[in-house]
Amino acid sequence: DSGVTQTPKHLITATGQRVTLRCSPRSGDLSVYWYQQSLDQGLQFLIQYYNGEERAKGNILERFSAQQFPDLHSELNLSSLELGDSALYFCASSVNDGGEQFFGPGTRLTVL
Amino acid sequence: GENVEQHPSTLSVQEGDSAVIKCTYSDSASNYFPWYKQELGKRPQLIIDIRSNVGEKKDQRIAVTLNKTAKHFSLHITETQPEDSAVYFCAATLGEGNQFYFGTGTSLTVIP
């Protein structure tokens, strides 16, 4: 157990819908990262927050947004969902900006 | 931005043999290179990492080497065991304020 928690574990929804994925970092970690992993694909970096501020942005679609709250938990919002958004979404955290990342168990999103 | 290439994509070895996975990176300013192991359906977990001021690092049966001149780094697993079977990802980052760039993964199968 890395200490990073993600909810929900599984999510099944329909095209066009909107969902919110939640991540709680390890105690004391200031950075949160979001990744998308499609079937048989690598880890695609979406976005990073550090102490509440957006720090780095990767290949995140405009339909997706994220934020980090004062208690340092983070939410990833996915809207106007498409079939191709079905994937495993991982959250990771690190103590500072950069350095070793600890991954959560992931949220498996299925869009029907 | 950084570009990380990983080879091979699949690797099968006999139990007890060694396995080597190689990654190349494009940005000479990258300074941190972690390796993650992801078992089927589970989260990626850091197994070893190396920083740019070190040429080699070893942890029991696992070692990583870094050649900054050639811009490549490798994961070496000796005396492989069936439980080493997993997907291995390399990554590179320029450090603070910069994302991790992951390789596409190597699926390692250790045949008993």
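What comes next is a walk through the structure.

Cut-offs used in this document
Along each chain, residue indices are assigned from 1 in the same order as the chain's sequence is written. Here every chain gets a letter starting at A, and every ligand a number starting at 1, in the order they are written. For a predicted model such as this one, the threshold for reporting local features is a pLDDT of at least 70, and the threshold for listing and counting side-chain atom pairs is 80 or more; totals across whole chains, interfaces and linings nevertheless cover every residue. Side-chain descriptors were evaluated using all non-hydrogen atoms of the structure, hydrogens and water having been removed beforehand. Note on terminology: a nonpolar core comprises buried Ala, Val, Leu, Ile, Met, Phe, Trp, Tyr and Cys residues joined through side-chain atoms within 4.5 Å. Exposed residues in this analysis have more than 50% of their type's maximum accessible area, buried residues have under 20%, and partly exposed residues fall in between, with area computed by a 1.4 Å probe over protein chains only. Helix and strand assignments follow DSSP, with helices taken as H or I runs no shorter than four residues and strands as E runs no shorter than two, numbered in order from the N terminus. Should any heavy atoms of two residues lie within 4.5 Å, those residues are counted as being in contact. Accessible-area loss on putting two parts together, using a 1.4 Å probe and summing over both, is the definition of buried area adopted here. The working definition used for a salt bridge is a side-chain nitrogen of Lys or Arg within 4 Å of a carboxyl oxygen of Asp or Glu. Polar contacts, as used here, are pairs of N or O atoms within 3.5 Å; protein pairs need one atom able to donate a hydrogen and one able to accept it. Residues neighboring in sequence count only if both atoms are side-chain atoms. Classes in brief: Ala, Val, Leu, Ile, Met, Phe, Trp, Tyr, Cys and Pro nonpolar; Asp, Glu, Lys and Arg charged; the others, Gly included, polar. When DSSP finds two or more bridges between two strands, those strands count as paired. Every axis corresponds to a line fitted to the C-alpha atoms, with the helix fit spanning only the stretch in contact, and the corresponding angles, defined between N-to-C directions, vary from 0 to 180 degrees. The disulfide definition used here is simple: a pair of cysteine sulfur atoms within 2.5 Å. Two aromatic rings from Phe, Tyr or Trp, using only the six-membered ring of Trp, form a pair when their centres are within 6.5 Å; if the ring planes differ by under 30 degrees the pair is stacked, by over 60 it is edge-to-face, and anything between is tilted. Cation placement over rings: the criterion is NZ of Lys or CZ of Arg within 6 Å of the ring centroid and within 35° of the ring normal.

## A few points about the nonpolar core
So, step 1. With 24 residues, the main nonpolar core has Trp35, Phe73, Leu75, Tyr88 and Leu108 of chain B as its most contacted residues.
So, step 2. Those elements that place two or more of their residues in this core are strand S2 (10-14), strand S3 (19-25), strand S4 (32-38), strand S5 (45-51), strand S7 (62-67), strand S8 (72-77), strand S9 (86-92) and strand S11 (106-111) of chain B.
So, step 3. Core analysis: the second largest hydrophobic core is formed by 20 residues, Ile47, Leu78, Ala87 and Leu109 of chain A among them.

## Points about the interface of chain B and chain A
So, step 1. Counting residues at the interface gives 15 residues for chain B and 21 residues for chain A.
So, step 2. Interface area, chain B with chain A, both sides summed: about 1600 Å², of which 57% is carbon and sulfur.
So, step 3. Linking chain B to chain A there are zero salt bridges.
So, step 4. For the interface between chain B and chain A, the tally reads three residue pairs in polar contact (both at pLDDT 80 or more).
So, step 5. Elements with a minimum of two residues in the side of chain B that touches chain A: S4 and S5 of chain B.
So, step 6. The class makeup of the residues in the side of chain B that touches chain A is seven nonpolar, four polar and four charged.

## Some thoughts on the environment of Phe89 of chain B
All names here are of chain B.
So, step 1. Examined against the element boundaries, Phe89 turns out to sit in strand S9.
So, step 2. With a relative accessible area of 2%, Phe89 lands in the buried category.
So, step 3. The spatial distance from the C-alpha of Phe89 to the C-alpha of Thr106 is 6.6 Å, given a sequence separation of 17 residues.

## A word on the sheet that holds strand S8 (residues 74-78) of chain A
Residue and element names in this part refer to chain A.
So, step 1. As summarised here, the arrangement of the four strands in space is S1-S3-S8-S7, forming an open sheet in which the pairing is antiparallel. The open sheet has two edge strands with one neighbour each: strand S1 (5-7) and strand S7 (64-68). This sheet shows a mean twist of 15° between the axes of neighbouring strands, independent of strand direction.

## Considerations on the state of the cysteines
So, step 1. Enumeration over the complete set of coordinates arrives at two disulfides over all chains.
So, step 2. Here Cys23 of chain A is linked by a disulfide to Cys91 of chain A, with a sulfur-sulfur distance of 1.7 Å. Disulfide Cys23 of chain A to Cys91 of chain A: torsion about the S-S bond roughly -45°, handedness left-handed. Placement of Cys23 of chain A in strand S3 (residues 19-24) and of Cys91 of chain A in strand S9 (residues 87-94) is noted, with a sequence separation of 68 residues between them.
So, step 3. Residue Cys91 of chain A is classed as buried on the basis of its relative accessible area, which comes to 0%.
So, step 4. With a sulfur-sulfur separation of 1.9 Å, Cys23 of chain B is cross-linked through a disulfide to Cys90 of chain B. Every disulfide takes its handedness from the sign of the S-S torsion; for Cys23 of chain B and Cys90 of chain B that torsion is -100°, giving left-handed. Of this pair, Cys23 of chain B sits in strand S3 while Cys90 of chain B sits in strand S9, placing them 67 residues apart in sequence.

## A short note on the packing of aromatic side chains
So, step 1. Enumeration according to the criterion identifies 14 aromatic pairs over all chains in this entry.
So, step 2. Considering the side-chain rings of Tyr25 of chain B and Phe33 of chain B, the 4.8 Å spacing of their centres and the 45° angle between planes classify their relative orientation as tilted. For the pair Tyr25 of chain B and Phe33 of chain B, a shared accessibility class is recorded, and that class is buried.
So, step 3. Pairing Trp35 of chain B with Phe73 of chain B gives two aromatic rings, centres 5.6 Å apart and planes at 65°, and the pair type is edge-to-face. Placement of Trp35 of chain B in strand S4 and of Phe73 of chain B in strand S8 is noted, with a sequence separation of 38 residues between them.
So, step 4. For Trp35 of chain B, a relative accessible area of 0% translates into the label buried.
So, step 5. You can call Phe73 of chain B buried: its relative accessible area is 0%.
So, step 6. Each member of the aromatic cluster is reached from another via a ring pair, and the members are Tyr33, Tyr35, Phe45, Phe90 and Phe103 of chain A together with Tyr32, Tyr36, Phe100 and Phe102 of chain B.
So, step 7. The ring centre of Phe102 of chain A lies 3.7 Å from the NZ or CZ of Arg26 of chain A, which sits over that ring.

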